[in-house]
Amino acid sequence: MARKPYLSQQSHDAPPKFNAPQRQRYLYIDTAFEEQVLSKVRGAANKVFCALAYSYFKVTYQFFEDAEAKDLKYLARRFDIQKTLNWQEYHRDTRNNHRAIILEFMGFKSFNTPDSTTKATEIINRYARVKKNFRDCFCHLASELRREKIEIPSYNLLKSLIDKCYKNHKAKLLSIVENELTSYDKAILDQLFDNDLPKDSQAIRYRLTLLKKFTQSLKPNKISKNIAGFDVLYDLFLISAPIVEKLDLNGEGIRHYATSVNKSQIFQIQRKKDPNRYLHLITFVVHQFYRLHDILVDTLNASVTSAYNIAERQAKEHYYKIRNEQSKKTKTLLEQSGDMFAAIEKAKGVLMDESLDDAIKVAKALKLLTPKSLNSEQIINSMEEVKSDLDRLSGEGLLYYYLEDGSLKLQRRCNDIVKRLKFSEQSVNKPLLSAINRFKKYQGKVDHRYPIRFLSKEERKYVDTDDEFKSKLYKVALFKHISDSLKGDSLFLEHSYRYRCLDEYLISLNVWEKNKRALLKQAGMLKYIDFKALIKELGLELHQQYQETNEHILENSNDYVTTKGFGEYRLTSQRNTYQEESLLDSVDIELFPKNSYVTISEVLNTVHQATGFLDEFQHHNDEYLKERPDDNVFIASTVGLGLHFSPEQFTKLSRSVNNSALVTTINNYMSVENSRLASDKILEYVKSMPLAGLYIGDFGLQTSSDGQKWTVSKDSFNSNYSFKYGGKDPVLAAYNFVDTRHLFYHSNVISGAEREAHYMIDGVMKNDVVKSDMHSTDTHGYTEMVFGISHLLDISFAPRIKNIHRQNIYSLKGKKAYTSKNYPILPRKQIRLDRIEPYWDDILRLCVSIKLGEATASQIFKRLNSYSVNNNPLYKAIKEFGRIPKSHYILRYIDDPELRSAVHKQLNKGESGNKLDRALAIGRSEYAQVEKEDQEAVESCKRVIKNAIVCWNYMYLTQKVMNARSKAEKEALINKIKLSSPVTWEHILLHGVFDFSENKLRDSRAFDFEKMHDPKILKT
């Protein structure tokens, strides 16, 4: 049975299909249109045609060459026309005239005007710059045309314009490369294809191959390989960087071409024509140079952290080991001091004795003060020993002793790194920058002439002593300060993806100042340009929420909050779980098969037959013309990666697929982007199933995100040690997003130590299929800054905050405005507008940069969070602004038990997804991949599998509803489905031998894919 693609000429150019209720809603003709337009249309049939064109345009912002017969019939009855109308009778000239009138009435412009075409071209060129795929560009273009009030044209017209713009952009890039690269430059770049092994060696190892992968190990010999790669890349970077800068590609655009080189074999790159080959090579060089800078900084950070951890551990062990000896010395000194004190007291008694003459007093006193058992030299020695121990063997002294002791080991890892890193002159810590420059100039040889201003007072005491300048310890301290400053806000790199100055991630200041209003309009944020008007509106809303929340408590209409006075309160929860479980148990219907099973390979193949999701796995090279692998190979690749198998392991467990085909397919087709598109295809199919709508409640389409920790078996900088989650193994977090229909619409992989809040906005904004009405996280996904940015990006943020009653809430009015009314819930502090207003323009620039894709929210948050508040008042301003929507939300959360329940239930859906994640990891219960991209490839394949399982379950349940034998059975079935979850897998075989033969992939349930989208399914 043929399937209908969700982005094709057929789907785009076909008029919308309405059911009966939708027809009544969308084909309603408003009075204004009837009076101003239809009253002037001649002929009853033309009135119907014009009214239907208007109705379609209101819904889709498009005009169509055809119409649904049922829609024509419905409107014909509206105008008392009895005969059957045919859309083809709608004369072309009349149709075009009506379209112009409708556009004018709606305030839209025709796409065929020069201004509209120019605007569309500008939008496409922006996406060409970042190398958006065709589907994303098409969807974003349609969305932006709608926002600009421009008619959305036919599929072929948009496609031809996109193809033309992309082709012209590529030609422009090739022209720049051809004109800027000299023959000498080309010869240098061509050396990447030279054999790096000695001439007498029979093996071949291309220089380009050595630059594709970098180690993430802390072993000195491994680090030296990265340094060697850096030295090769450096000369190539000097050639490539100026040309890439002229190409005006952002990070995503550069990555696109570089990824193609990374995934291609040498002969495939060599076969490209000259300008195209060099375009790929120079972007590859720049991309790898930036990546290697980040990896070297990660190596430096990890090495310094390891050195300090080892020194602290050794200091503790040494301290505990020698503390008995130190105690003995201290005890001896105390005894000697006691004896001396007693002798002094006796001498004082003698000197005060008036019966003795002076000579006798002196003689007796001297005798008492100089006994044989109390030698002053011994006391002095004991004091020196104790003092020495205090200096040497205290926690602080021991730490610096062992840091110096481990200095050579740290230098072997870090010396060459610091010599090669290119630090930005925008760096704030000038004394440290001065020390680094001297370190580079003298090739790491340190002496007393090195600057020490950047060192702390404590460090100076141990580095620059009276006796000597400890160069070994100085280097340790230098590396430590470089590491801290790079992670913080005082040192930046010139060539890096992650360690640049914050300002470099944003739209440039010149562009912003020249085009502020246009950029705000493009981002849909023009409504925020007037700070005072916005604050007035937010202040009014917050004040009204204070009133509403408190009045409900005073009226005793909120049973789920108890107040304690002075603004203190505690929340209690609705407990519906028992009632729901009782209702669930009372419906004696098995939703899923108990005695029969379906294999995971059959699930994926069946879902592909319905959705065509495997078609989204396209070769990474746009110019690749050879035939794609068979569908069973794609299914095997998805299952192998998603279930944490290596290709070699999986081939041994599989039938009808070989290792070579599997490896080739994984390398060339199974990218993160392709997996995302495949998941989106499944989501689109499930979205249009009536059964999925059962899970959408009063708060609209809810979404949530939550992280799950996994151990990593190999050295990876995208992981961190956490004894709680991984014991002695490093951990990462798979951060997954799910909507209220149990569809997993986004995921990424982050380090186990990173705050999840940085990535929440990325996930909500990156997906075009699921548009969230309210997004929830747990406490790890919440910060006041996220509240502020979310509000400006029009994201309804509703986290579940631990101990929410301890959170500070704020107001724009003084506290007295509420205490005078005896309100139980009171603001603890007042919003400081003086912290926000001076930086409002910078806040808008930051948000527009995120909205227009100049940088991701996670990139910006990580840089902002590393800044100290005093050094970056922008951080302080965003945080202060975020307290307004945060306070408003907390007041709503107190006042609305239904909101609390909805947030809690949605987060539980994420927990169900995490359990399925664990169940799918049957190859190994950890990640074996080193690179972040490879880890995300595994996670994205797993997400495809999860969505396929959910989709198959929806289809199974839909078929069950369709086959219900009575109205009562159908009602009972629908009620149980509402209270159940499609995230279940007991009936799916995940283990055993994987058979990908055609016979085993066949749909054993004979699903009727077409009927599953019929809205009548839910009618009882």
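Just so you know, these numbers come straight off a predicted model, no measurement behind them. (Residues numbered from 1 in each chain as written. Predicted model: local features only at pLDDT ≥ 70, side-chain atom pairs only at ≥ 80, totals over all residues. Heavy atoms only, no water.)

Q: What am I meant to see in the overall build of the protein chain here?
A: Within the protein chain one finds 41 helices and 13 strands. Each principal axis of the C-alpha atoms in the protein chain carries an extent, and together these give about 145 × 90 × 65 Å. Within the protein chain, buried positions represent 50% of all 1020 residues. Within the protein chain, residue pairs in contact and separated by at least 24 positions form 75% of the contacts whose partners lie at least 6 positions apart. Put simply, the protein chain shows about 49300 Å² of open surface, and 49% of that area lies on carbon and sulfur atoms. Each charge class in the protein chain was averaged separately, 155 positive and 131 negative side chains, and the resulting centres sit 1 Å apart. (Helix = DSSP H or I, 4+ residues; strand = E, 2+ residues; numbered from the N terminus. Buried < 20%, exposed > 50% of the residue type's maximum accessible area, 1.4 Å probe, protein only. Contact = heavy atoms within 4.5 Å. Areas by Shrake-Rupley, 256 points an atom, 1.4 Å probe, with all protein chains shown as cover. Lys, Arg positive; Asp, Glu negative; His and termini not counted. Charge placed at Lys NZ, Arg CZ, Asp CG, Glu CD.)

Q: Just to check I follow, could you spell out the packing of helix H26 (residues 600-611) against helix H27 (residues 631-642) for this structure?
A: Describing two packed helices takes the angle between their axes plus the distance from one axis to the other. At their nearest, the axes of H26 and H27 sit 10 Å apart, and the two run at 125° to each other. Here H26 lies oblique to H27, going by the angle between them. Two packed elements cross with a definite hand, and for H26 against H27 that hand is right-handed. Contacts from Ile600, Ser601, Leu604, Asn605 and His608 in H26 reach Asp631, Ile635 and Val639 in H27. Of the residues assigned to the contact of H26 with H27, the class counts are four nonpolar, three polar and one charged. (Axes fitted to C-alpha atoms, helices over the stretch in contact; angles between N-to-C directions. Parallel < 35°, antiparallel > 145°, perpendicular 65-115°, else oblique. Left-handed = near helix turned anticlockwise from the far one by under 90°. Nonpolar A, V, L, I, M, F, W, Y, C, P; charged D, E, K, R; others polar.)

Q: I would appreciate a short explanation of unusual backbone geometry in the present structure.
A: Note on backbone geometry: most residues besides glycine have negative phi, and most peptide bonds are trans. With a phi close to 60°, aspartate 248 is a non-glycine residue in the positive phi region. Here aspartate 248 lies in the loop between helix H12 (220-247) and helix H13 (251-263). Among the residues examined, aspartate 248 registers a relative accessible area of 45% and is labelled partly exposed. Phi is positive for asparagine 822, close to 60°, though the residue is something other than glycine. Tracing the backbone through its elements, the reader meets asparagine 822 in the loop between helix H34 (816-819) and strand S11 (829-830).

Q: Please explain helix H20 (residues 430-441) as it appears in this structure.
A: Helical geometry: 3.6 residues make up each α-helical turn, so side chains three or four residues apart lie on a common side. Counted at 1.5 Å a residue, the expected span for H20 with its 12 residues is 16 Å, and the 16 Å between its end C-alpha atoms agrees. Inspection of H20 places Pro431, Leu432, Leu433, Ala435, Ile436 and Phe439 among the buried residues, and these make up the whole buried set. Along its buried surface, H20 packs onto helix H19 (407-420) and helix H22 (471-487). Taking the backbone nitrogen of leucine 432 as reference, a side-chain oxygen 3.2 Å away marks asparagine 429 as the first, capping residue of H20. Note on H20: the residue one or two positions beyond its end, glutamine 443, has a positive phi of about 55°. (Expected span 1.5 Å × (residues − 1). Polar contact = N/O pair within 3.5 Å; in protein donor to acceptor, adjacent residues only side chain to side chain.)

Q: Sorry if this is basic, but what is going on with the pairing of strand S1 (residues 561-565) here?
A: Within a regular strand, the side chains alternate between the two sheet faces. Pairing geometry for S1 and strand S2 (residues 568-571), over four bridges, is antiparallel. Across the sheet, valine 561 pairs through a bridge with leucine 571, a residue of S2. Two successive antiparallel strands, S1 and S2, enclose a turn made up of two residues, where phenylalanine 566 displays a positive phi of approximately 60°. (Pairing = 2+ DSSP bridges.)

Q: Would you explain the environment of histidine 495 in this entry?
A: In this structure, histidine 495 sits in the loop between H22 and helix H23 (509-522). Expressed as a C-alpha distance, the spacing of histidine 495 and arginine 291, which sit 204 residues apart in the sequence, is 8.8 Å. Beyond its immediate chain neighbours, meaning those up to four positions away, histidine 495 contacts Phe237, Phe289, Tyr290, His293 and Lys422.

Q: Honestly, the pairing of strand S5 (residues 702-711) in this entry has me stumped. Any pointers?
A: Where burial is concerned, most of S5 is hidden: 10 out of the 10 residues are buried. The sheet contact formed by S5 and strand S9 (residues 774-776) spans three bridges and is parallel. Looking at S9, one finds that threonine 703 is bridged to histidine 775. The pairing of S5 with strand S7 (residues 730-739) spans nine bridges and is antiparallel. Paired with lysine 709 across the two strands is alanine 733, which belongs to S7.

Q: When you look at the nonpolar core in this model, what are you seeing that I'm missing?
A: Across soluble globular proteins, you tend to see nonpolar side chains buried next to one another. Ranked by size, the top nonpolar core spans 153 residues in total, and within it Met525, Trp840, Leu846 and Met955 carry the most contacts. Of all the elements, helix H39 (residues 932-962) adds the most residues to this core, at 14 residues. When neighbours within four sequence positions are excluded, methionine 525 is seen to be in contact with Leu520, Leu792, Leu793, Leu844, Cys847, Val848 and Lys851. Counting residues in each nonpolar core, the second largest holds 84 residues, with Phe214, Leu233, Leu236 and Ala311 among its members. (Core = buried A, V, L, I, M, F, W, Y, C linked by side-chain atoms within 4.5 Å.)

Q: How should I be thinking about the packing of aromatic side chains in this particular structure?
A: Aromatic ring pairs: the centre-centre distance and the angle between the two ring planes describe each pair. For the structure shown, the criterion picks out 49 aromatic pairs. Each ring, one from tyrosine 56 and one from phenylalanine 64, has its centre 5.8 Å from the other, and the planes form 90°; the classification is edge-to-face. Phenylalanine 64 shares its class with tyrosine 56; the two are buried. Between the aromatic rings of phenylalanine 57 and tyrosine 61, the centroid separation amounts to 6.1 Å while the plane-to-plane angle is 75°, which identifies the pairing as edge-to-face. The ring of phenylalanine 79 carries arginine 78 above its face, with NZ or CZ at 5.1 Å from the centroid. (Phe/Tyr/Trp six-rings, centres within 6.5 Å; stacked < 30°, edge-to-face > 60°. Lys NZ or Arg CZ within 6 Å of the ring centre and 35° of its normal.)

Q: Before we go on, may I ask you to explain the UniProt feature "domain: DUF4158" (unreviewed entry) in the protein chain in this structure?
A: Taken from the UniProt record, the annotation "domain: DUF4158" (unreviewed entry) applies to residues 11-163. Here residues 11-163 is 63% helix and 0% strand, with 19 Å between the C-alpha atoms at its ends. (UniProt positions renumbered as here; feature names shortened; annotations may be inferred.)

Q: Please clarify how a negative patch on the surface should be interpreted in this entry.
A: Judged by side-chain charge, Asp464, Asp466, Asp467 and Glu468 come together as a negatively charged surface patch. Along the chain, the position of glutamate 468 falls in the loop between helix H21 (457-463) and H22. (Patch = residues over 30% accessible without salt bridge, like charges linked within 9 Å, V, L, I, M, F, W, Y side chains within 5 Å. Salt bridge = Lys/Arg side-chain N within 4 Å of Asp/Glu carboxyl O.)

Q: So what exactly am I meant to see when it comes to the confidence of the model for the protein chain here?
A: Averaged over all residues, the pLDDT of the protein chain equals 88, while 93% of them reach at least 70. Contacts of residues 1-6 to residues separated by more than four positions or lying in other chains number 20 contacts, the stretch itself having pLDDT below 50. (pLDDT = per-residue confidence, 0-100.)

Q: What exactly am I supposed to notice about the side chain of asparagine 668 here?
A: Here asparagine 668 shows up in helix H29 (residues 659-669). Ignoring anything within four residues of it in the chain, the contact list for asparagine 668 reads Lys263, Gln618, His619 and His620.

Q: Looking at this structure, I do not really get the packing of helix H4 (residues 44-60) against helix H6 (residues 92-106). What am I missing?
A: Direction vectors running N to C along H4 and H6 enclose 45°, while the axes themselves pass 10 Å from each other. In terms of axis orientation, H4 runs oblique to H6. Crossing hand, H4 versus H6: right-handed. Where H4 abuts H6, its residues Asn46, Cys50, Ala53, Tyr54, Phe57 and Lys58 lie against Thr94, His98, Ile102, Leu103, Phe105 and Met106. Residue composition of the contact of H4 with H6, by class: eight nonpolar, three polar and one charged.

Q: Would you explain the side chain of aspartate 762 in this entry?
A: Relative to the helices and strands, aspartate 762 resides in helix H32 (residues 757-766). Only 2.6 Å separates the side chain of aspartate 762 from the side chain of serine 858, close enough to count as a polar contact.

Q: What's the story with the pattern of salt bridges in this structure? I'm lost.
A: Side-chain pairing between opposite charges can occur once the charged atoms of the two side chains come close. Applying the stated rule across the entire model yields 50 salt bridges. Across the pair glutamate 252 and arginine 255 runs a salt bridge whose closest N-O atoms are separated by 2.9 Å. Pair noted here: glutamate 252 and arginine 255 are both in helix H13, with a separation of three residues, about one helical turn. Assessed through its relative accessible area of 25%, arginine 255 is described here as partly exposed. The partner of glutamate 936 in a salt bridge is lysine 932, with the nearest N and O atoms 3.4 Å apart. One end of the pair is glutamate 936 and the other is lysine 932, both in helix H39 and four residues apart, which spans about a single turn. Since its relative accessible area comes to 32%, lysine 932 is described here as partly exposed. Linked by salt bridges that have partners in common, Arg135, Asp136, Glu673, Arg676 and Asp680 make up one network.

Q: Help me understand helix H10 (residues 183-190) in this model?
A: Three or more residues of H10 are buried, namely Asp185, Lys186, Ile188 and Leu189. Projected down its long axis, H10 carries its buried residues within an arc of 160°, all on one side. Away from its buried face by more than 90 degrees, H10 exposes Ser183 and Tyr184. (Arc of directions from axis to C-beta.)

Q: What exactly am I supposed to notice about a positive patch on the surface here?
A: Positive charge collects at one region of the surface, where Lys564, Arg570, Lys724, Lys802 and Arg806 lie side by side. Position of lysine 564 relative to the elements: it lies in strand S1. Look at lysine 564 and you get exposed, because its relative accessible area is 56%.

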